[in-house]
Amino acid sequence: MKNRIFNFNAGPAALPLAVLEEVREDLISYKGEGLSVMEMSHRSKTFDSIIKEAEELAKEVYSIPDGYRTIFMQGGATLQFAAVPLNLLGDNQGADYINTGAWSKKAIAEAEKLEKTVNVIASSEDQNFNYIPSSFSVNSDAAYLHITSNNTIFGTQWTNYPDAGSVPLVADMSSDIGCRPFDISKFGLIYAGAQKNMGPSGVTFVIIRDDLMEKSPVNIPTMTSYKLIGGKDSLYNTPPTFGIYILKLVLQWVKSGGGLAKLGETNQTKANMIYDILDGGEFYKATVGKESRSIMNVTFRLPSEDLEKEFIAKALEEGMIGLKGHRSVGGCRASIYNAVPMEAIKSLTEFMKEFEKSNG
Ligand SMILES: *Cc1c(COP(=O)(O)O)cnc(C)c1O
């Protein structure tokens, strides 16, 4: 495919080419029905089987245990920042948060805006979020402990999730859900905006333990209520139908590629290829220490901002987009989500070596 470029965008991000091709195939007339998925009723038999299949695939591919439900919501991960405290945090309780970067901060700020009691029990802000805190103690009476499993902007990622005891662990997994096998039974609730590792923007995927879904108070906005939206099988109102359809295809793609175990190995290899270059000389510098590095967002610096600019511009000329670091931190970032193919990593690492040779 000559008109495709290697996509290192942080989000919305790369989708598997095979998925896009299937979407194209069925775009005008889905399975010969004479209309597209975008144009059909969300109450139709056809869409009903699409959404059910998406849920079944998620259950299978992510190994979601019994006792959990999946919900497709809207409003992005950002609405979840409010939905989590609205649903799970009563007036006479507090919730624990670990602050590992910009997204954690936003989650905390949103809970505070709702006048909820928030305890930040650990933070890596002292070192500009370049590590994952390892010592903290969870308040045993907290309504939940909230973490951001992968810090998209700062390039850090939890590998061993905290043990919160009987306190439900809540994770924003927007940028690393399904990047490798993960044990859902450790969590009370997981949410993810789909646009990084699951599909297009507009869908938010939620995995919630049954008992927590029952907690939603009646006086919260309908669109934030796990009980209302989940209780109607994500069909309370019109869901983001086309996004759910693509998300289903992405899950199918993961399954047919060998599932999360295979994907996790490939993702680790992909990340190592880049980190090896960062660690192999003086020209590039990883911004994160080895023990906290993300296998999804690799952040790095060059010797000067001018060189970084040139690096990003030259890479684009060579057919690689999205290597600019987040505007709040600068530098460079390669987002290498599930759908970013090995060829993209090969192209990037070759380019990095060449660029160092001519500028180092
Ligand atoms: C991108 C991102 C968000 C924001 O998601 P929206 O769907 O745009 O609201 C939140 N958390 C993390 C970890 C992210 O990477």
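Here the focus is the pairing of strand β9 (residues 189-193). Most of β9 is tucked away: 5 of the 5 residues are buried. What you see with β9 is no split at all: L189, Y191 and G193 on one side and I190 and A192 on the other are buried throughout. As judged from the 3 bridges shared by strand β8 (residues 169-172) and β9, these two strands associate in the parallel manner. Considered in β9, the bridge of D172 is made with Y191. Bridge count for β9 against strand β10 (residues 204-209) is 5 bridges, and the pairing is antiparallel. Paired with A192 across the strands is F205, a residue of β10.

What follows concerns the sheet that holds β10. In spatial order, the strands read β2-β10-β9-β8-β5-β3-β4; together these 7 strands make up an open sheet with mixed pairing. Both outer strands of the open sheet, β2 (68-73) and β4 (117-123), are each paired with one neighbouring strand and no more. Averaged over neighbouring strand pairs, the angle between their axes works out to 20° when direction is ignored. When strand β3 (residues 94-99) meets strand β5 (residues 145-148), the two strands line up parallel, connected through 2 bridges. The residue bridging Y97 from the neighbouring strand is H146, located in β5. Seen against the sheet, helix α4 (residues 102-113) touches β3, β4, β5 and β8 and runs at an angle of roughly 160° to β3.

Okay, the domain arrangement of the chain next. Examined at the domain level, the chain breaks down into domain 1 (18-256) and domain 2 (259-359). The straight-line distance from the C-alpha centre of domain 1 to that of domain 2 is 27 Å. Taken together, the contact between domain 1 and domain 2 spans 26 residues of the former and 26 residues of the latter. Between domain 1 and domain 2, roughly 1900 Å² of surface is buried when both sides are summed, and carbon and sulfur atoms account for 56% of that area.

The full set close to the ligand counts 13 residues, and T78, T152, D172, Q195 and K196 are the nearest of them. A77 has a polar backbone atom sitting 3.0 Å from an oxygen atom of the ligand. A distance of 2.9 Å separates an oxygen atom of the ligand from a polar side-chain atom of Q195. It is helix α3 (residues 76-88) that provides the largest number of residues to the shell around the ligand, a total of 4 residues.

With that out of the way, let us pick up the sheet that holds strand β11 (residues 285-286). The sheet built from 3 strands is open, its strands ordered β11-β12-β14 with antiparallel pairing. The open sheet terminates on both sides in strands that have one partner only, identified here as β11 and β14 (332-335). Where β11 meets strand β12 (residues 297-301), 2 bridges bridge the pair, whose relative direction is antiparallel. Within the sheet, the bridge partner assigned to A286 lies in β12 and is F300.

This brings us to the pairing of β8. Consecutive side chains of a regular strand alternate in pointing toward one face of the sheet and then the other. Going residue by residue along β8, you find L169 and A171 tucked away on one face and V170 and D172 tucked away on the opposite face as well. In this structure, β5 lies alongside β8, joined through 4 bridges in parallel fashion. Note on β8: the bridge partner recorded for H146 is V170.

Conventions used here
Residues numbered from 1 in each chain as written. Predicted model: local features only at pLDDT ≥ 70, side-chain atom pairs only at ≥ 80, totals over all residues. Heavy atoms only, no water. Buried < 20%, exposed > 50% of the residue type's maximum accessible area, 1.4 Å probe, protein only. Helix = DSSP H or I, 4+ residues; strand = E, 2+ residues; numbered from the N terminus. Pairing = 2+ DSSP bridges. Axes fitted to C-alpha atoms, helices over the stretch in contact; angles between N-to-C directions. Contact = heavy atoms within 4.5 Å. Domains from an automatic or database assignment. Buried area = accessible area lost by both parts, 1.4 Å probe. Near = heavy atom within 4 Å. Polar contact = N/O pair within 3.5 Å; in protein donor to acceptor, adjacent residues only side chain to side chain.

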